[in-house]
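# Structural overview
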Amino acid sequence: MADVLRFGVDVGGSGVKGAPVDCDTGEFAGERQRFVTPQPSTPDAVTDIVVELLDRFDWKGPVGVAFPAVVRAGVVLTAANIDQSWIGVNVEELFAKRRGVAFRVLNDADAAGLAEVRFGAARDVDGVVLVVTLGTGIGSALFNDGVLVPNTELGHIEIGGQDAEIKAAARQRELGEVSWSRWTKRVDRYLHTLEDLLWPDLIVVGGGISKNWDRFGPDLTTRTKVVPAALRNSAGIVGAAVASP
Ligand code: BGC
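Residues numbered from 1 in each chain as written. Predicted model: local features only at pLDDT ≥ 70, side-chain atom pairs only at ≥ 80, totals over all residues. Heavy atoms only, no water.

Its location among the elements puts T224 in the loop between α7 (213-216) and β15 (225-228). Classification of T224 as buried rests on a relative accessible area of 7%. Filtering out sequence-adjacent residues up to four positions away, T224 remains in contact with E195, P200, D201, L202 and I203. (Helix = DSSP H or I, 4+ residues; strand = E, 2+ residues; numbered from the N terminus. Buried < 20%, exposed > 50% of the residue type's maximum accessible area, 1.4 Å probe, protein only. Contact = heavy atoms within 4.5 Å.)

Now for the site of the ligand. Every residue near the ligand is listed here: P68, A69, V70, A80, N81, N107, D108, I138, G139, E153, H156 and E165. Between the ligand and N81 there is a distance of 3.0 Å, counted from an oxygen atom to a side-chain nitrogen or oxygen. Here an oxygen atom of the ligand sits 2.7 Å away from a polar atom, N or O, in the side chain of H156. Alone, the ligand offers 310 Å² of accessible surface; in the complex the protein occludes 94% of this. If you map the ligand onto the pockets, it falls in the largest pocket. Taken together, the residues of the shell around the ligand sort by class into five nonpolar, four polar and three charged. Mapped onto the domain boundaries, the shell around the ligand takes at least three residues apiece from domain 1 (2-110 + 235-243) and domain 2 (125-229). (Near = heavy atom within 4 Å. Polar contact = N/O pair within 3.5 Å; in protein donor to acceptor, adjacent residues only side chain to side chain. Areas by Shrake-Rupley, 256 points an atom, 1.4 Å probe, with all protein chains shown as cover. 1 Å grid on protein atoms, 1.4 Å probe; cavity = no way out; pocket = protein on both sides within 12 Å on 5 of 7 lines; lining within 4 Å. Sits in = over half its atoms within 2 Å of the grid points. Nonpolar A, V, L, I, M, F, W, Y, C, P; charged D, E, K, R; others polar. Domains from an automatic or database assignment.)

Glancing now at the layout of surface pockets. The volume enclosed by the largest pocket comes to roughly 910 Å³. Lining the largest pocket we find 45 residues, and of these D108, L134, G135, T136 and G137 sit closest to its centre. Where the lining of the largest pocket is concerned, the elements lending two or more residues are β2 (15-22), α3 (108-119), β9 (128-134), β10 (138-144), α5 (170-175) and α8 (235-243). For the lining of the largest pocket, the domains that each give at least three residues are domain 1 (2-110 + 235-243) and domain 2 (125-229). (Points joined across faces, edges and corners; volume = space filled by probe spheres on them.)

A separate point is a negative patch on the surface. A contiguous patch of negative charge, built from D124, D126, D145 and D201, is present on the exposed surface. Relative to the assigned elements, D201 resides in the loop between α6 (180-198) and β14 (202-206). Residue D201 is classed as partly exposed on the basis of its relative accessible area, which comes to 48%. (Patch = residues over 30% accessible without salt bridge, like charges linked within 9 Å, V, L, I, M, F, W, Y side chains within 5 Å. Salt bridge = Lys/Arg side-chain N within 4 Å of Asp/Glu carboxyl O. Lys, Arg positive; Asp, Glu negative; His and termini not counted. Charge placed at Lys NZ, Arg CZ, Asp CG, Glu CD.)

Structure, rendered in structure tokens:
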């Protein structure tokens, strides 16, 4: 068990969550802990929380972190749902300096996708798999034969002249008084647009909303098979742990 035990952290717009993960089974090897994301979610404030989280578990090894932005070679390049001051920060170096261990930081949807491909709804699926996470924003992860193309950012494609995330993220349904059926139509249009561009073999819908699959899943009309994520809210943590150094 010891060699397959890794630690995953999921930094989100509202919570910073983490747990040790058994990377053989994709299951948590300890009870998940959650802290409220500090506001403003600046680099220093988020680093403090990540350190506190690791202290809670007395975790001294390397760490994988799912982060809600484009992260290329450790550097944060966008900030749609996190404080703007992150842009240009080498988050892997920042965390490593504070903790004295190696960190691997990757986009949160990429992490969730890795978990679904390894343990969940896209396990053993060949060909092109598209994972979209509908939450505060929309994240995407694209795989071909299990190999990730990182940082695809398909939540920001324009549909009808608007950023898709503004219309179809789960938060939009919760914030505005948008009915399930209206929101489902937006999601359906979004998925059709992606389908027409990418022709995936399977689409996996993740994010917290996937637990309400029965309220919208059956009304989606793409030709491509669409299934709910299997790991739901744990996918980010599990995928981050899988990607950990
Ligand atoms: C960000 C993505 C992120 C997604 C989900 C989007 O606004 O641009 O990088 O994966 O939200 O958190």
